[in-house]
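Single-letter residue listing:
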Amino acid sequence: MTFSRIPEADAEEAERIAALSRLGMYEATRDPELDRLVHMIGELFDMPCVMINVVDRERTWCLARSSDLGAPPRREDSFSAFTVDHDTALFIEDVHGSAAFRKHPLVTGAPFLRAFAGERVLSLNGHVLGTLCLFDTQPRAFDTPSRQRLTDLARLVSLRLNQRQIDEQHEAAKAVVERHTRLLDHLPEGIVLLDDRRRVHYCQCRRSAALEWQGSQRSGGRLQQPRHASRGTSLRHGALHASAT
């Protein structure tokens, strides 16, 4: 008997697996921040085991756990995979009362689980990567506030797991800005870029003496009327460009 399914090799599943790859899960080392987080969540919910699991096409990967109570490596037997397959949070207060899970091997055998709560962990594009999940060997009640709290914490876990991709996107955007800035620095005519509050965001240094703005730094000041052009300097139409960033 299986409790999850091996998904069809469709475009949606391919995109989800690609999101896992971008996450760097396959080469990732243990993250001490996630380890601290699962222990904190365990204390908050008074649960003997908290896990952060991600699910690929064939197995479950544990990224952090607060104890040795663990999810099986097979996807078919994974509580987390069930949550991924159905794209919904899963709360089982007493597994013995669940027709779907009371014969689960982790219920009928060690560690003899009785309660489970799992909330989805998402990629930046909304793909379900895995779960933040709670296990107990005793029945547990999950009221509305505790369920919302788990949802909020799963969002925090999602942010941490996606931080690598966020950092890479930030560095890529920074490199684009630096490359464009170097191009602007070599333009023969002056250029000024303003933000939506008309503060100077960029001013070509060779022409900055032709402008006045509040503050002594090259960016962050407010653009004022141009000074009278100094001898040999022309601010003809087209020599001064202003745009909102």
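Refer to the structure printed above.
Residues numbered from 1 in each chain as written. Predicted model: local features only at pLDDT ≥ 70, side-chain atom pairs only at ≥ 80, totals over all residues. Heavy atoms only, no water.

## Some thoughts on unusual backbone geometry
And then number 1: Residue P111 is bonded to the preceding A110 through a cis peptide linkage, with omega at 10 degrees.
And then number 2: Its location among the elements puts P111 in the loop between α4 (105-108) and β4 (115-122).
And then number 3: In the Ramachandran plot, D46 falls in the positive-phi region, its phi being about 55 degrees despite a non-glycine side chain.
And then number 4: With respect to the element layout, D46 can be found in the loop between α2 (32-45) and β1 (49-55).
And then number 5: Residue classification places D46 among the exposed residues on the basis of a relative accessible area of 60%.
And then number 6: Unlike most non-glycine residues, F112 shows phi in positive territory, near 60 degrees.
And then number 7: Locating F112 in the fold gives a position in the loop between α4 and β4.
And then number 8: Exposure remark for F112: the relative accessible area of 47% places this residue in the partly exposed category. (Helix = DSSP H or I, 4+ residues; strand = E, 2+ residues; numbered from the N terminus. Buried < 20%, exposed > 50% of the residue type's maximum accessible area, 1.4 Å probe, protein only.)

## Considerations on the sheet that holds β1
And then number 1: If you walk across this open sheet you meet the five strands as β2-β1-β5-β4-β3, and the pairing is antiparallel. The sheet is open, and its two borders are formed by β2 (60-65) and β3 (90-92), each paired with just one other strand. The sheet shows a mean angle of 20 degrees between the axes of neighbouring strands, taken without regard to direction.
And then number 2: Judged from the eight bridges that link them, β4 and strand β5 (residues 128-136) form a sheet pairing that is antiparallel. Paired with A117 across the two strands is L134, which belongs to β5.
And then number 3: This element, α2, spans β1, β2 and β5 of the sheet and lies at about 75 degrees to β2. (Pairing = 2+ DSSP bridges. Axes fitted to C-alpha atoms, helices over the stretch in contact; angles between N-to-C directions. Contact = heavy atoms within 4.5 Å.)

## Some remarks on the pairing of β2
And then number 1: Where β1 meets β2, five bridges bridge the pair, whose relative direction is antiparallel. Within the sheet, the bridge partner assigned to N53 lies in β2 and is C62.
And then number 2: Between the antiparallel neighbours β1 and β2 lie four residues.

## Description of helix α5 (residues 144-161)
Residues lying three or four places apart along an α-helix face the same way, a consequence of the helix completing one turn every 3.6 residues.
And then number 1: If you check α5, its first and last C-alpha atoms are 26 Å apart, about what 18 residues at 1.5 Å a residue would give, namely 26 Å.
And then number 2: Those residues of α5 lying buried are S146, L150, T151, L153, A154, V157, S158 and L161. (Expected span 1.5 Å × (residues − 1).)

## Observations concerning the packing of aromatic side chains
And then number 1: The tally for this structure, following the rule as stated, stands at six aromatic pairs.
And then number 2: Measuring from centroid to centroid gives 5.1 Å for F82 and F101, while their planes differ by 75 degrees, and the two rings are edge-to-face. Remark: F101 occurs in the loop between β3 and α4 and F82 occurs in helix α3 (residues 79-86); sequence separation between them is 19 residues.
And then number 3: Clustering of aromatic rings is evident, with ring pairs tying together F79, F82, F101, F116 and F135.
And then number 4: Looking at R59, its charged tip hangs above the ring of W61, at a distance of 4.4 Å from the centre. (Phe/Tyr/Trp six-rings, centres within 6.5 Å; stacked < 30°, edge-to-face > 60°. Lys NZ or Arg CZ within 6 Å of the ring centre and 35° of its normal.)

## Re the nonpolar core
And then number 1: Counting residues in each nonpolar core, the largest one holds 26 residues, and the members touching the most others are I41, F45, I52, L132, L134, V157 and L161.
And then number 2: Mapped onto this core, the elements with two or more residues apiece are α1 (11-23), α2, β1, β2, β4, β5 and α5.
And then number 3: Counting 15 residues, the second largest nonpolar core, distinct from the first, contains L69, V95, L106 and F116. (Core = buried A, V, L, I, M, F, W, Y, C linked by side-chain atoms within 4.5 Å.)

## Considerations on the pattern of salt bridges
And then number 1: Under the defined criterion, the tally for this structure stands at 10 salt bridges.
And then number 2: Between R114 and D94 there is a salt bridge, and its shortest N-O distance comes to 3.0 Å. Here R114, found in the loop between α4 and β4, pairs with D94, found in the loop between β3 and α4; they are 20 residues apart in sequence, far enough to count as distant.
And then number 3: You can call D94 partly exposed: its relative accessible area is 29%.
And then number 4: The shortest N-O distance in the salt bridge between R140 and D136 comes to 3.0 Å. (Salt bridge = Lys/Arg side-chain N within 4 Å of Asp/Glu carboxyl O.)

That is the geometry; function is a separate question.
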